[in-house]
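Understanding the architecture of this molecule
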Amino acid sequence: VQLQASGGGLVQAGGSLRLSCVVSKIIFKIDEMSWYRQKPGAQRELVASIHSGGRTDYVDSVKGRFSIARDDVANTVTATMQMNGLQAEDTGVYYCNARRGFPQGEYWGQGTLVTVSS
């Protein structure tokens, strides 16, 4: 399994960014795709998740502004997160996470930096 994340950058407050994570070389189904972020000086936190059946979960601070989606094709999963109405508090390094139920497995992509200027 390989994860490749992209889409971070510098944006002004109120702007938008779209993060993408491509999971390739999948043999067993990926049950859950998630985006985490780590703000400066803070622990990594879960931002949004999407399950294989389509159910989504969001941390309260991003509800109504962020939207996560996934596209499963053959042995590849692409998870995207559309981030609108970005705020300075959204600044951080965003990490893609893929979780598999059976056999159990968890994989992380490299972080992508999102900087929101106020």
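Keep in mind that what you see is a predicted model, and the values were worked out from it rather than measured.

1. Considering the pattern of salt bridges
On inspection of all chains with the given rule, the structure shows 10 salt bridges. Linking glutamate 32 and arginine 99 is a salt bridge whose minimum nitrogen-to-oxygen distance equals 2.8 Å. Taken together, the positions of glutamate 32 in strand β4 (residues 32-38) and arginine 99 in strand β9 (residues 92-100) put the pair 67 residues apart, joining distant regions of the chain. Between arginine 70 and aspartate 72 there is a salt bridge; the shortest N-O distance is 2.8 Å.

2. Quick look at the pairing of β9
Two faces, one strand: in a regular strand the side chains alternate between the faces of the sheet. Extensive coverage of β9 is indicated by the burial of 7 of its 9 residues. The sheet contact formed by β4 and β9 spans 7 bridges and is antiparallel. Within the sheet, the bridge partner assigned to glutamate 32 lies in β9 and is arginine 99. Both β9 and strand β10 (residues 105-108) contribute to a ladder of 4 bridges, which runs antiparallel. Counted as the bridge partner of arginine 100 is glycine 105 from β10. The hairpin formed by β9 and β10 contains 4 residues between the paired strands.

The rules behind each value
- Residues numbered from 1 in each chain as written.
- Predicted model: local features only at pLDDT ≥ 70, side-chain atom pairs only at ≥ 80, totals over all residues.
- Heavy atoms only, no water.
- Salt bridge = Lys/Arg side-chain N within 4 Å of Asp/Glu carboxyl O.
- Helix = DSSP H or I, 4+ residues; strand = E, 2+ residues; numbered from the N terminus.
- Buried < 20%, exposed > 50% of the residue type's maximum accessible area, 1.4 Å probe, protein only.
- Pairing = 2+ DSSP bridges.

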